[in-house]
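# Per-entry structural report
Each chain is listed here by its residues.
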Amino acid sequence: MLVITPIQDKSLQKKLSEECGIPYKSSHMAYSIDIDDVTCGIASFYIKDDCGYISALRLIGDKEDNEALEIAGRAILSFLHNIEVRYVSFAPETEAEKHIARRMYFKDELDKIDLDLYFGHHH
């Protein structure tokens with residue numbers, strides 16, 4: 001079973017970032033990606049100037065599970081929308097991230113998604 005959980009402990013976030021091969025940044029928020037009770041990835045993001053930025057959707061080592069990464073990415077979008085961040089951007093680095101970015105409707109790394117339109121909410 002897939003479980004996406006906010007990481008509350010920064011030391012755990014640092015350890016998981018290192019295991020997934022991404023730089024740890026204490027200012028970033030993150031979710032752990034657990035499959036069948038095993039932590040196997042991280043979804044990292046931050047907020048700057050009223051815009052959300054997905055910084056990484058990665059699994060440990062050579063694991064591959066684009067569906068799990070996409071669901072984690074969508075969890076970030078949902079969280080940002082819930083706290084009323086309207087725009088989000090994603091500059092994918094890996095082939096898996098590029099594939100997921102396209103599936104999440106990012107056109108390119110400069111593209112910002114309007115979360116109100118993404119979730120179909122009108123004010």
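As a further point, take the overall build of the protein. A count of helical and extended segments in the protein gives four helices and six strands. Counting from the amino terminus, the protein carries its helices and strands in the arrangement β-α-β-β-β-α-β-α-β-α. Since a compact globule built from 123 residues should have a radius of gyration of about 14 Å, the 14 Å found for the protein is in line with a globular shape. Principal-axis analysis of the C-alpha atoms places the extent of the protein at approximately 40 × 25 × 25 Å. Burial statistics for the protein: of 123 residues in total, 40% are counted as buried. Within the protein, counting contacts between residues at least 6 apart in sequence, those at least 24 apart form 54% of the total. When the accessible surface of the protein is totalled, it reaches about 7300 Å², and 50% of it is carbon and sulfur. Distance from the positive charge centre (14 side chains) to the negative charge centre (22 side chains) of the protein: 4 Å.

Spatially, six strands are ordered β1-β2-β3-β4-β5-β6 in an open sheet, and the strand pairing comes out mixed. The outermost strands of the open sheet, each flanked by one partner alone, are β1 (2–6) and β6 (112–114). Averaged over all adjacent pairs, the angle separating strand axes in this sheet is 25°, with direction ignored. In the sheet, strand β2 (residues 29–35) pairs with strand β3 (residues 38–48) via seven bridges, with the strands oriented antiparallel.

Parameters at a glance
- Residues numbered from 1 in each chain as written.
- Predicted model: local features only at pLDDT ≥ 70, side-chain atom pairs only at ≥ 80, totals over all residues.
- Heavy atoms only, no water.
- Helix = DSSP H or I, 4+ residues; strand = E, 2+ residues; numbered from the N terminus.
- Rg over C-alpha atoms; globule rule 2.2 N^0.38 Å.
- Buried < 20%, exposed > 50% of the residue type's maximum accessible area, 1.4 Å probe, protein only.
- Contact = heavy atoms within 4.5 Å.
- Areas by Shrake-Rupley, 256 points an atom, 1.4 Å probe, with all protein chains shown as cover.
- Lys, Arg positive; Asp, Glu negative; His and termini not counted.
- Charge placed at Lys NZ, Arg CZ, Asp CG, Glu CD.
- Pairing = 2+ DSSP bridges.
- Axes fitted to C-alpha atoms, helices over the stretch in contact; angles between N-to-C directions.

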